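The residues making up each chain are set out below.
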Amino acid sequence: MTSTTEQFADLSATTLLRFATAGSVDDGKSTLVGRLLHDSKSILTDQLEAVEAVSAQRGQDTPDLALLTDGLRAEREQGITIDVAYRYFATTRRRFILADTPGHVQYTRNMVTGASTADLAVVLVDARNGVIEQTRRHAAVAALLRVPHVVLAVNKMDLVGYEEKAFARIAEEFTAYASDLGVPEITAIPISALAGDNVVEPSANMDWYGGPTVLEHLETVPVSHDLTACPARFPVQYVIRPQSAEHPDYRGYAGQIASGVLRVGEPVTVLPSGRTSVIEGIDALGESVDIAWAPQSVTLRLRDDIDISRGDLIAPSASAPATTQDVEATVCHVADQPLAVGARVLLKHTTRTVKAIVKEIPSRLTLDDLSQHPNPGQLVANDIGRVVVRTAEPLALDAYAASRRTGSFLLIDPADGTTLAAGMAGESFASQAHTTVQADEEGWDF
Amino acid sequence: MTATVAHVHEGTDAPYALSHLDALESEAVHIFREVAGEFEKPVVLFSGGKDSIVMLHLALKAFAPAPVPFTLLHVDTGHNFPEVLAYRDRAVEKHNLRLHVASVQEYIDAGKLRERPDGVRNPLQTVPLTEAIQRLRFDAVFGGGRRDEEKARAKERVFSLRDEFSQWDPRRQRPELWQLYNGRHAPGEHVRVFPLSNWTELDVWQYIAREGIELPEIYFAHEREVFRRNGMWLTAGEWGGPKGDESTETRLIRYRTVGDMSCTGAVDSEATTLDAVITEIAASRLTERGATRADDKMSEAAMEDRKREGYF
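From a predicted model like this one, the values you see are computed outputs, not experimental measurements.

How each quantity is defined
All residue numbers refer to positions counted from 1 along the written sequence of the respective chain. To read the labels, note that chains go from A and ligands from 1, taken in the order they are written. Two thresholds apply to this predicted model, a pLDDT of at least 70 for residue-level local features and 80 or more for giving and counting side-chain atom pairs, whereas whole-chain, interface and lining totals are computed over all residues. Calculated side-chain values reflect all of the structure's heavy atoms, with hydrogen atoms and water omitted. Per the convention used, a helix needs a DSSP run of H or I reaching at least four residues, while a strand needs a run of E reaching at least two, with both numbered from the N terminus. Throughout this description, buried means an accessible area under 20% of the type-specific maximum (1.4 Å probe, protein chains only), exposed means over 50%, and partly exposed covers the range between. Contacts are assigned to residue pairs with any non-hydrogen atoms lying within 4.5 Å of each other. We get accessible surface area from the Shrake-Rupley algorithm with a probe of 1.4 Å; when it comes to residues, only the shown protein chains can shield them. Here the expected length of a helix is defined as 1.5 Å per residue gap, with one fewer gap than residues. Note that the arc is defined by the directions from the helix axis to the C-beta atoms. Whenever a carboxyl oxygen of Asp or Glu lies within 4 Å of a side-chain nitrogen of Lys or Arg, that contact is scored as a salt bridge. Pairing between strands is defined by DSSP: at least two bridges between the two strands are required. Inter-axis angles, ranging from 0 to 180 degrees, are taken between N-to-C directions of lines fitted to C-alpha atoms, where helices are fitted over the stretch in contact. Values of pLDDT, ranging from 0 to 100, describe the predictor's confidence in every residue of the model. Working definition: roughly parallel below 35 degrees, roughly antiparallel above 145 degrees, roughly perpendicular at 65 to 115 degrees, and oblique for all remaining angles. Handedness of a crossing is defined here by the sense of rotation of the near helix relative to the far one, left-handed for an anticlockwise turn of less than a right angle and right-handed for a clockwise turn. Note that Gly is not counted as nonpolar here; it falls among the polar residues with everything else outside the nonpolar set of Ala, Val, Leu, Ile, Met, Phe, Trp, Tyr, Cys and Pro and the charged set of Asp, Glu, Lys and Arg. Any two rings among Phe, Tyr and Trp, with Trp reduced to its six-membered ring, count as a pair given centres within 6.5 Å; such a pair is stacked if its planes are under 30 degrees apart, edge-to-face if over 60, and tilted if neither. A positively charged side chain is recorded as over a ring if its NZ (Lys) or CZ (Arg) lies within 6 Å of the ring centre. The angle to the ring normal must also be within 35 degrees.

Moving on to the overall build of chain B. Scanning chain B from N- to C-terminus turns up nine helices and 10 strands. Split into buried and exposed, the 312 residues of chain B put 63% on the buried side. For chain B, the share of sequence-separated contacts (at least 6 apart) that also reach a separation of at least 24 residues comes to 73%. For chain B, the accessible surface area stands at approximately 12,000 Å², while carbon and sulfur atoms represent 48% of it.

What follows is the structure, encoded as structure tokens:
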């Protein structure tokens, strides 16, 4: 018997897992999402009643759970999911933010959007069809975005007689493919979203499976890595200077720690200026602390009064990044207007936005077979390609492989503010020759 | 004085995990600071309701020990709960803030808006709100909207671009990648910003409890003269109820949301403390809006339609 206070303590001590789902139109993604929400008691009576009423009005016998997630008029009218939606549910162990990404034509940019903030991606496969092109695309996007954990949910096991062989074949093929792309951790789970096997409750139909259910896995997968291993990065967002009678000399650099750990007494370097100082104090939203880590929002005070403003990056002097004006990256093009060689754009990296020019587009990747097409001249919506960008000012850019936060950037159209492309600095599998590549650009080695 | 690190989550493998409330707080503070760093004239929509109170609390923490670098804007429907208006004014005074008020009643008195036959004033807020944004030239407008509230809101970005008519076009939203918020906008356009996007109702209450934030009394169980309309308990008053065969009774109730009295329903409750409220919400089988908002029930896409026109 727990008291109210204990219950409250239990609820507040949970961690947060952000995950994304990917699946094509008919492989049961809505059913899986619906079941996770339903079986974790996250669908409330009034929402379910609304769905039942609309389903009945349309002459459907059973409530259409997709109506829970299709929030827009156009989505309901057309019966498709147009845009990424975010859902929230909780168990006693963890809170979840689910980026529900549509499996339709605009799959790449939508999945990139959902995967950019995800700690985990669930890739759905229909057990009858196995690994198909779409599955490979989903695996490739998860690998490109460096989502730390991937779950392969082999769905509709009820339609293949709950056979271990069917599952094992798909799991093996997917794991081999995704590992090749560099996905660090893959967990394969045989499920039936419709019947509820291994989603929230363990299945009685698959004795041969000894692993976790989907929910169990979501509840227990680690959400943060050992951040002491990553070098600390602190993009300055805003300078706090009260200039009040009470705080005449306070000068704090506000920001969210992008990676690693910062400690009082640590020697730091400010980039791009290269000036150095020592962390004198860390104010963690109201209390003074000795140590802080990503992704905490804090305010740093430095020993020396040096010129620091929004867009600067503070890093430990021992592991400060190099600065560069030549950015080589893999980008996913997310806008309807194309991105061509010679385009003048804005590049937004952490808290810094600089002018930039697209010098080269060395290759475009076809996700279906990972083939490379040299010098496409431009990228259009949903394309993934390599770009070389020259920036007007130096950037303290990490490789995306080392830090998702300080290795990522946006390309923005300066004319109308449209977000053109999502960029990931440094090497990725898209920079290596997988199949058809002609390496012919000077100074560019594949 | 140096405290040891607060709120470390024990019992996980990772030594440097954040509790879910710390993660949400850190994200919201980051959003406030991004806006402060990139916009010329931001404003915080402040109604005296719990979400806007949490927003103000986060903004105070984000810029401490400096003052909040934003003004506040309240769209006063003319039918607000007096306790909430009193709270609003106390908060403004306490933190030495500047408050703009856009008044629905003034628009009605001037003949620029017409009272609806049902007396519901929530939808009438859109015009005074959008005109205040244009007149006062705000380029970023913080709202307390959460994606868990409603299915159209689940599609909303953290940074949501609005055109010169304040319209939201859900099919032309910018993809939002990583924590790189794109606030670029043309003159006349503005950006709506939702720092609480990823919070749920329960998160808001747990955070209020953890931080010891004071709320208007109407959020806690109290006796009140109410009457039944459209399946909800509404506060009796000069705004338009009870009418005809509706009759008042005194009940022990509390409010889950705060809005216009004409369309904000109370729930039966004995919860007089924060802990009791949290227990009640954790066990509730109704959403916040389903339980208490009449205007969302007008049609299946009521929220989307109002948002398209410039509502939050």
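Turning our eyes to something else, we now look at helix α3 (residues 82-94) of chain B. Residue and element names in this part refer to chain B. The first and last C-alpha atoms of α3 sit 18 Å apart over 13 residues, in line with the 18 Å expected at 1.5 Å per residue. Of all the residues in α3, the buried ones are V84, Y87, R88, A91 and V92. Buried residues of α3, viewed axially, fall in a sector of 130 degrees; they line one side. The exposed set on the far side of α3, more than 90 degrees from its buried face, consists of P82, E93 and K94. Along its buried surface, α3 packs onto α2 (50-63), β2 (71-76) and β3 (99-103). Positive phi appears at N96, one or two residues downstream of α3, with a value of about 55 degrees.

Under the counting rule described, the total for this entry stands at 38 salt bridges over all chains. We note a salt bridge from A:R128 to A:D126, for which the minimum N-O separation is 2.9 Å. Overall, the relative accessible area of 6% leaves A:D126 in the buried class. The structure contains a network of salt bridges with shared partners spanning B:D22, B:E25, B:K61, B:R210 and B:E211.

Residue and element names in this part refer to chain B. Sheet architecture is open: six strands sit in the order β3-β2-β1-β4-β6-β5, paired in mixed fashion. Of all strands in the sheet, those bounded by a partner on one side alone are β3 and β5 (159-162). Direction aside, the axes of adjacent strands within the sheet are offset by 30 degrees on average. Pairing analysis gives five bridges linking β2 to β3, with the strands arranged parallel. What sits directly across from H74, in β3, is V101.

So, about unusual backbone geometry. Omega for the bond connecting A:L271 with A:P272 falls within 30 degrees of zero, at 10 degrees, which places this linkage in the cis form. By the element assignment, A:P272 lies in the loop between β11 (267-271) and β12 (275-284). For the peptide bond that leads from B:A64 to B:P65, omega is 5 degrees, which places it in the cis range. You can see B:P65 is positioned in the loop between α2 and β2. Of note, A:R146 is a non-glycine position whose phi angle comes to about 55 degrees, a positive value. In this fold, A:R146 is placed in the loop between α7 (133-144) and β5 (149-155).

So, about the confidence of the model for chain A. All names here are of chain A. Of all residues in chain A, 87% have pLDDT values of 70 or greater, and the mean over the chain is 87. In this model, residues 1-10 is a region of pLDDT below 50 whose contacts with residues beyond four sequence positions or in other chains number 11 contacts. This stretch, residues 434-446, has a pLDDT under 50; its non-local contacts, to residues over four places away or in other chains, come to 24 contacts.

For the rest of this paragraph, the subject is the environment of A:G286. All names here are of chain A. With respect to the helices, strands and loops of the structure, G286 is situated in the loop between β12 and β13 (287-289). On the basis of relative accessible area, G286 is assigned to the exposed category, the value being 79%. For the pair G286 and T299, spaced 13 residues apart in sequence, the C-alpha separation works out to 9.5 Å.

Residues and elements named next belong to chain B. Where α2 meets helix α6 (residues 201-211), the closest approach of the two axes is 11 Å, and the angle between their N-to-C directions is 55 degrees. Between α2 and α6, the crossing angle belongs to the class labelled oblique. The chirality of how α2 crosses α6 is left-handed. Residue-level inspection shows K50, D51, V54, H57, L58 and K61 of α2 in contact with α6, the latter providing E201, V204, W205, Y207, I208 and E211. Along the lines of polarity and charge, the residues of the contact of α2 with α6 split into six nonpolar, one polar and five charged.

Moving on: the sheet that holds strand β4 (residues 120-126) of chain A. Residue and element names in this part refer to chain A. In space, the six strands of this open sheet follow the order β2-β3-β1-β4-β5-β6, with mixed pairing throughout. This sheet does not close on itself; its edge strands, each paired only once, are β2 (85-90) and β6 (185-190). For this sheet, the mean inter-axis angle between neighbouring strands, taken without regard to orientation, is 25 degrees.

Glancing now at the packing of aromatic side chains. To describe a pair of aromatic rings, you give the distance between the ring centres and the angle between the ring planes. Enumeration according to the criterion identifies 18 aromatic pairs over all chains in this entry. Taking the centre distance of 6.3 Å and the plane angle of 80 degrees together, the rings of B:W205 and B:F220 count as edge-to-face. Of this pair, B:W205 sits in helix α6 while B:F220 is found in the loop between α6 and β7 (222-229), placing the two residues 15 residues apart along the sequence. In terms of burial, B:W205 and B:F220 fall into one category: buried. Among the aromatic side chains, those forming a connected cluster through ring pairs are A:Y238, B:F32, B:F63, B:F70 and B:F142. Just above the ring of B:W233 sits the side chain of B:R228; from NZ or CZ to the centre is 4.6 Å.

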